[in-house]
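What follows is each chain in one-letter form.
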Amino acid sequence: MYEAVHAYPNGETTVARHAETAARYGYDGIVVRTRDALNAAFSSDAEGANKSKSPARDSTVLAEEYDIDVVDAAEIDVDNAQSASGAVGNYRSKRSVVCLIGGTDDLNRFAVEDPRIDVLSRPLSGSGGFNHVLAKAARNNAVHVEFDFGPLLRSSGGKRVRALSELRKLREIVTYYNTPHVVSANPQSHLDLRAPRELVAAGETVGFDPDWIRD
């Protein structure tokens, strides 16, 4: 299993600390989400290194040191489809994985209709929805829909209940149309990482099939 992490400067922890923690938890690899130049995530920025108490290193060195795959990714965060189109064109040839943060009807629709995009991240994070038309488009264009387990794992009360309800509805649509999907704890820090068995167990307690989560 792989986990997609937010590394410094977009997240709170350097790539090195994420890699070290993920390897200890038994992951096969991490996908490093960043909205800046990739070098920034792997740079030796003093503040980033101090936050994790571990110097940043090249992805190849990290992979060898921790015996874990380190994948370069871009997570595009824009306001509209027009801006998204330019950003996707810029990153597609530079990154192994391209993600687009959705959340609005405009961005969700753009993401699932563009085969250059690998993952539609957080499709329910804003005012937008996700329906059968989008599910079929995502399937046809091999765009993976992200299930963000972050609120499920780190929230409580009404926010957690709403997140659970949205995830279940999304699962029904995605499963029915055989739309490709990914599951993530959406960790901003290595402290947010959950071991694969914990992620599976958390999903299982609220009705998600363990094999579906592993897939």
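A closer look at the sheet that holds strand S3 (residues 69-76)
At step 1: Ordered by their spatial adjacency, 7 strands build an open sheet running S1-S2-S3-S4-S5-S6-S7, and the pairing between neighbours is parallel. Each having just a single partner strand, strand S1 (2-6) and strand S7 (181-184) make up the two edges of the open sheet. Each adjacent strand pair in this sheet contributes to an overall mean axis angle of 30 degrees, direction not counted.
At step 2: Where S3 meets strand S4 (residues 97-101), 4 bridges bridge the pair, whose relative direction is parallel. Across the sheet, the residue bridging to Ala-74 is Val-98, located in S4.
At step 3: Across the face of the sheet, helix H6 (residues 105-113) comes into contact with S4 and strand S5 (119-121) while running at roughly 160 degrees to S4.

Section: the pairing of strand S6 (residues 144-148)
At step 1: When you tally the buried positions in S6, you get 4 out of 5 residues, the bulk of the element.
At step 2: Relative to S6, S5 is paired through 2 bridges, and the arrangement is parallel. The residue of S6 that forms the bridge with Leu-120 is Val-145.
At step 3: Assessed by its sense of winding, the connection that carries the chain from S5 through helix H7 (residues 132-140) to S6 is right-handed.
At step 4: Relative to S7, S6 runs parallel, the two being bridged by 4 bridges. Counted as the bridge partner of Glu-146 is Val-182 from S7.

What to know about the nonpolar core
Side chains of nonpolar character tend, in soluble globular proteins, to be buried together.
At step 1: Formed by 53 residues in total, the largest nonpolar core has its most connected members in Ile-30, Leu-100, Phe-130, Phe-147 and Phe-149.
At step 2: Sort the elements by how many residues they give to this core and helix H5 (residues 81-91) lands first, with 5 residues.
At step 3: Excluding residues that lie within four positions of it along the chain, Leu-100 makes contacts with Ile-76, Val-78, Ala-84, Leu-107, Phe-110, Ala-111, Ile-117, Val-119, Leu-120 and Ser-121.
At step 4: Core analysis: the second largest hydrophobic core is formed by 7 residues, Val-31, Val-71, Ala-73 and Cys-99 among them.

Thresholds, definitions, all that
Residues numbered from 1 in each chain as written. Predicted model: local features only at pLDDT ≥ 70, side-chain atom pairs only at ≥ 80, totals over all residues. Heavy atoms only, no water. Pairing = 2+ DSSP bridges. Helix = DSSP H or I, 4+ residues; strand = E, 2+ residues; numbered from the N terminus. Axes fitted to C-alpha atoms, helices over the stretch in contact; angles between N-to-C directions. Contact = heavy atoms within 4.5 Å. Buried < 20%, exposed > 50% of the residue type's maximum accessible area, 1.4 Å probe, protein only. Right-handed = clockwise from strand over helix to strand, strands pointing away. Core = buried A, V, L, I, M, F, W, Y, C linked by side-chain atoms within 4.5 Å.

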